Amino acid sequence: MNYKNILVEQAEGIALVKVNRPQAMNALNQEVLLELFSAFKELDQDDKVGVVILSGEGKAFVAGADIKEMLSMNAIEARKFGETGHVLMNFMGQMEKPIVAAVNGFALGGGMELALACDFIYAAENAKFGQPEINLGIIPGFGGTQRLSRQIGRAQAKELIFTGGIMSAQEAKEIGIVNKVFPPETLLSEVKKVAALIASKGALSLRLAKSAIDTGYNVDLKSGCSIERESFALCFSHQDQKEGMSAFLEKRKPAFTSK
Ligand code: CO8
């Protein structure tokens, strides 16, 4: 499919999606949200894709929701805009394929929320993170008040959201938002390396691990362990389990076949 605001490329089991509005720091308007949703739905159904990478073109990852578009919105329109973001970002959490954020620059407001909706984040040393909505007289509206506090705890989330401050990639790593930080010139190759490693695993076990972690995160421990047990058992319904264990015992690399 042809998109106006995003770039999508695919090679060797890895799809790279880039938000491409560099003239507006890749700000998310309604159209970008819908294009991302459409691309992710398509990639999630594509057997040739094992892992999706999300990044930004130019010097921003995404500098937030589009302030120009939001300026004249009324409450009903703002609610609809927020819902479009929620539908997209909830879908990312439910995608069968892992999705990794390669944060190449500013990840502010809706941009940080978009990165947090990915399974994990690698960032460039010069990337900047923050929830500056408070400076605009609003609050985060694409899941930031929810995902951020689940990720780093309520006190850290409140400090970031109440102050509207901006932090470095290193600071974001220290509080658990970012997994790894790389020089800008190697960020994408490092993310592609980890994506290739993940894509070499069995698609079914990846899918079950992701859903067990994410579904279990929002329930009590006993219910979470029950979800894990059922997911674990389901692994034994596919040849991948026999293949993985046989390969170990035969001292060779496994060749997983689940889609
Ligand atoms: N929206 C629209 N345009 C933007 C945005 C944005 N978020 N960010 C940057 N731009 C535009 C600028 O207006 C400018 O356009 P122009 O050339 O036409 O003047 C162009 O991008 C380049 O930006 P700058 O000249 O400002 O570039 P700098 O390098 O000087 O600064 C910054 C880069 C620091 C990223 C700066 O642009 C900035 O602070 N941007 C805004 C960051 C921000 O406040 N983000 C939060 C937005 S609110 C939000 O995300 C809410 C999410 C939930 C919404 C839910 C709705 C219900």
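Residues numbered from 1 in each chain as written. Predicted model: local features only at pLDDT ≥ 70, side-chain atom pairs only at ≥ 80, totals over all residues. Heavy atoms only, no water.

1. Concerning the overall build of the chain
Thought 1: Across its full length, the chain carries 11 helices and 10 strands.
Thought 2: Relative to the globule expectation of 18 Å for 259 residues, the C-alpha radius of gyration of the chain, 19 Å, shows essentially globular dimensions.
Thought 3: Its C-alpha atoms put the chain at 60 × 40 × 35 Å along the principal axes.
Thought 4: When contacts within the chain are restricted to residue pairs at least 6 apart in sequence, those whose partners lie at least 24 apart make up 70%.
Thought 5: Element-wise, carbon and sulfur atoms account for 57% of the exposed surface of the chain, whose accessible area totals about 13,700 Å².
Thought 6: Taking the average location of the 29 positive side-chain charges in the chain and that of its 30 negative ones, the two points are 3 Å from each other. (Helix = DSSP H or I, 4+ residues; strand = E, 2+ residues; numbered from the N terminus. Rg over C-alpha atoms; globule rule 2.2 N^0.38 Å. Contact = heavy atoms within 4.5 Å. Areas by Shrake-Rupley, 256 points an atom, 1.4 Å probe, with all protein chains shown as cover. Lys, Arg positive; Asp, Glu negative; His and termini not counted. Charge placed at Lys NZ, Arg CZ, Asp CG, Glu CD.)

2. Brief notes about the side chain of N29
Thought 1: One can find N29 in the loop between β2 (14–19) and α1 (30–45).
Thought 2: At a separation of 3.2 Å, a polar atom in the side chain of N29 contacts the main-chain amide nitrogen of E31.
Thought 3: A polar contact of 2.8 Å, which involves the side chain of N29, links it to the backbone nitrogen of V32.
Thought 4: Discounting chain neighbours no more than four positions away, the residues touching N29 are R21, D66, E69 and F81. (Polar contact = N/O pair within 3.5 Å; in protein donor to acceptor, adjacent residues only side chain to side chain.)

3. Observations concerning the sheet that holds strand β6 (residues 106–108)
Thought 1: In space, the four strands of this open sheet follow the order β4-β6-β8-β9, with mixed pairing throughout. Because the sheet does not close on itself, it has two edges, and the strands there are β4 (60–62) and β9 (166–168). Strand-to-strand twist across the sheet, computed as the mean angle between neighbouring axes with direction ignored, equals 20 degrees.
Thought 2: Bridge analysis of β4 against β6 gives two bridges, and the strand direction is parallel. Bridge pairing links A60 to F106 in β6. (Pairing = 2+ DSSP bridges. Axes fitted to C-alpha atoms, helices over the stretch in contact; angles between N-to-C directions.)

4. Considering the nonpolar core
For soluble globular proteins, the rule of thumb is that nonpolar side chains tend to be buried together.
Thought 1: By size, the foremost hydrophobic cluster in this structure holds 50 residues, and its most contacted members are L36, F40, M92, F129 and I177.
Thought 2: In terms of residues, this core owes the most to one element, α1, which gives seven residues.
Thought 3: Filtering out sequence-adjacent residues up to four positions away, I177 remains in contact with M112, L116, I121, F129, L148, Q151, I152, L160, M167 and A172. (Core = buried A, V, L, I, M, F, W, Y, C linked by side-chain atoms within 4.5 Å. Buried < 20%, exposed > 50% of the residue type's maximum accessible area, 1.4 Å probe, protein only.)

5. Digging into the pattern of salt bridges
Two side chains carrying opposite charge are able to pair once their charged atoms lie near each other.
Thought 1: Counted under the stated rule, the structure contains nine salt bridges.
Thought 2: The partner of R21 in a salt bridge is D66, with the nearest N and O atoms 2.8 Å apart. Here D66 lies in the loop between β4 and α2 (67–71) and R21 lies in the loop between β2 and α1, a separation of 45 residues in the sequence. This pair shows no difference in class: R21 is buried, exactly as D66 is.
Thought 3: Residues joined by salt bridges that share partners form a network here, namely E243, E250 and R252. (Salt bridge = Lys/Arg side-chain N within 4 Å of Asp/Glu carboxyl O.)

6. Regarding helix α3 (residues 75–94)
Thought 1: With 20 residues, α3 extends 28 Å from end C-alpha to end C-alpha; this agrees with the ideal 28 Å at 1.5 Å per step.
Thought 2: Taken residue by residue, α3 has F81, G82, T84, G85, L88, M89, F91 and M92 as its buried positions.
Thought 3: Two or three places before I76, at the start of α3, stands the capping residue N74, its side-chain oxygen 3.1 Å from that residue's backbone nitrogen. (Expected span 1.5 Å × (residues − 1).)

7. Things to note about the packing of helix α9 (residues 203–217) against helix α10 (residues 221–235)
Thought 1: The N-to-C vectors of α9 and α10 enclose an angle of 170 degrees; their axes lie 9 Å apart at closest approach. When the interaxial angle is binned, α9 and α10 end up roughly antiparallel. Across the interface between the two elements, L204, L208, A212, T215 and G216 from α9 touch G224, I227, S231, L234 and C235 from α10. (Parallel < 35°, antiparallel > 145°, perpendicular 65-115°, else oblique.)

8. Points about the domain arrangement of the chain
Thought 1: Looking at the assigned domains, one finds that the chain contains domain 1 (6–199) and domain 2 (203–249).
Thought 2: Centre-to-centre, using C-alpha coordinates, domain 1 lies 27 Å away from domain 2.
Thought 3: Counting residues at the interface gives 10 residues for domain 1 and six residues for domain 2.
Thought 4: The largest per-residue losses of area from domain 1 upon contact with domain 2 belong to E96, R150 and I198, which jointly make up 63% of the total buried on that side.
Thought 5: Counting across the domain 1 and domain 2 interface gives two salt bridges.
Thought 6: As a salt-bridge pair, R207 and E96 come within 3.6 Å of each other at their nearest N and O atoms.
Thought 7: Our count for the domain 1 to domain 2 interface comes out at six residue pairs in polar contact (both at pLDDT 80 or more). (Domains from an automatic or database assignment. Buried area = accessible area lost by both parts, 1.4 Å probe.)

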